[in-house]
Amino acid sequence: MTAAELAALHAAAFTQDRPWQEAEFASLLDSPFVQLFTRPGGFALTRTIAGESELLTLAVAPAHQRQGLGRALLRDWLAALPVDCDSAFLEVAADNYPARALYVDEGFAQIAIRRAYYARKDAVAVDACILQRRLTHGHCGDLAALTAKSG
């Protein structure tokens, strides 16, 4: 997808927020740390650096919402993370209940809140929930499971 296509899809998906502009997408895509995952009707844009990966935005066209596309894009991102990546995180609007439910269902937990982070058109700003998922990629991250297997 081009930066212009990403901007158009983002604007269609996020009608309450200020959509990201083509120039913003173009700048992000120029970074060697940014990855773009696409499927027909949606995309996820991520940035991975220093053992952490952030979901910058995930957008699904209105006609494709509530059909599992967001979950598929989220899983595409997580499956592509390098083995030295320790955590994945994201921000989501507190009033975006479907997205929050998806992220929790996929193993993310809330670690912080940014008050009044998302500006709304003709409405009060909404908090951002910061969610994180710790990653182990098969390493000895779960000591209890490791102990149970060896004992």
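Refer to the structure above for everything that follows.
Just so it is clear, the model here is predicted, and its values are computed rather than measured.

## Brief notes about the packing of aromatic side chains
All told, the structure shown has five aromatic pairs when counted by the stated rule. Seen from their ring centres, Trp 20 and Phe 25 are 5.4 Å apart, and the 40° between their planes marks the pair as tilted. On the basis of relative accessible area, Trp 20 is assigned to the partly exposed category, the value being 22%. Ring geometry for Trp 77 versus Phe 108: centroids 6.1 Å apart, planes at 20°, classification stacked. On the criterion of sequence distance, the pair formed by Trp 77 in helix H3 (residues 69-80) and Phe 108 in the loop between helix H4 (97-105) and strand S5 (109-120) is long-range, its members being 31 residues apart. The class for Phe 108 is buried, based on a relative accessible area of 3%. Pairwise contacts between aromatic rings join Trp 20, Phe 25 and Phe 43 into one cluster. When the ring centre of Tyr 117 is taken as reference, the NZ or CZ atom of Arg 114 above it lies at 5.6 Å.

## Some remarks on unusual backbone geometry
Positive phi outside glycine occurs at Arg 66, with the angle close to 65°. Looking at the secondary structure, you find Arg 66 in the loop between strand S3 (52-60) and H3. Positive phi, normally seen in glycine, also occurs at Ala 116, with a value near 50°. Examined against the element boundaries, Ala 116 turns out to sit in strand S5. Among the residues examined, Ala 116 registers a relative accessible area of 46% and is labelled partly exposed.

## Quick word on the sheet that holds strand S4 (residues 87-93)
Spatial strand order, S1-S2-S3-S4-S6-S5: six strands in an open sheet with mixed pairing. If you trace the sheet from one side to the other, it starts and ends with strand S1 (34-39) and S5, each paired once. With direction set aside, neighbouring strand axes in the sheet form an average angle of 25°. Here four bridges tie S3 to S4, and the two strands are oriented parallel to one another. By the bridge assignment for S4, Leu 55 is matched with Leu 90. Of the strands in this sheet, S1, strand S2 (42-49) and S3 are in contact with helix H1 (residues 3-13), which crosses S3 at around 75°. Here H4 sits on the sheet in contact with S3, S4, S5 and strand S6 (123-134), set at roughly 160° to S4.

Definitions and limits used
- Residues numbered from 1 in each chain as written.
- Predicted model: local features only at pLDDT ≥ 70, side-chain atom pairs only at ≥ 80, totals over all residues.
- Heavy atoms only, no water.
- Phe/Tyr/Trp six-rings, centres within 6.5 Å; stacked < 30°, edge-to-face > 60°.
- Buried < 20%, exposed > 50% of the residue type's maximum accessible area, 1.4 Å probe, protein only.
- Helix = DSSP H or I, 4+ residues; strand = E, 2+ residues; numbered from the N terminus.
- Lys NZ or Arg CZ within 6 Å of the ring centre and 35° of its normal.
- Pairing = 2+ DSSP bridges.
- Axes fitted to C-alpha atoms, helices over the stretch in contact; angles between N-to-C directions.
- Contact = heavy atoms within 4.5 Å.

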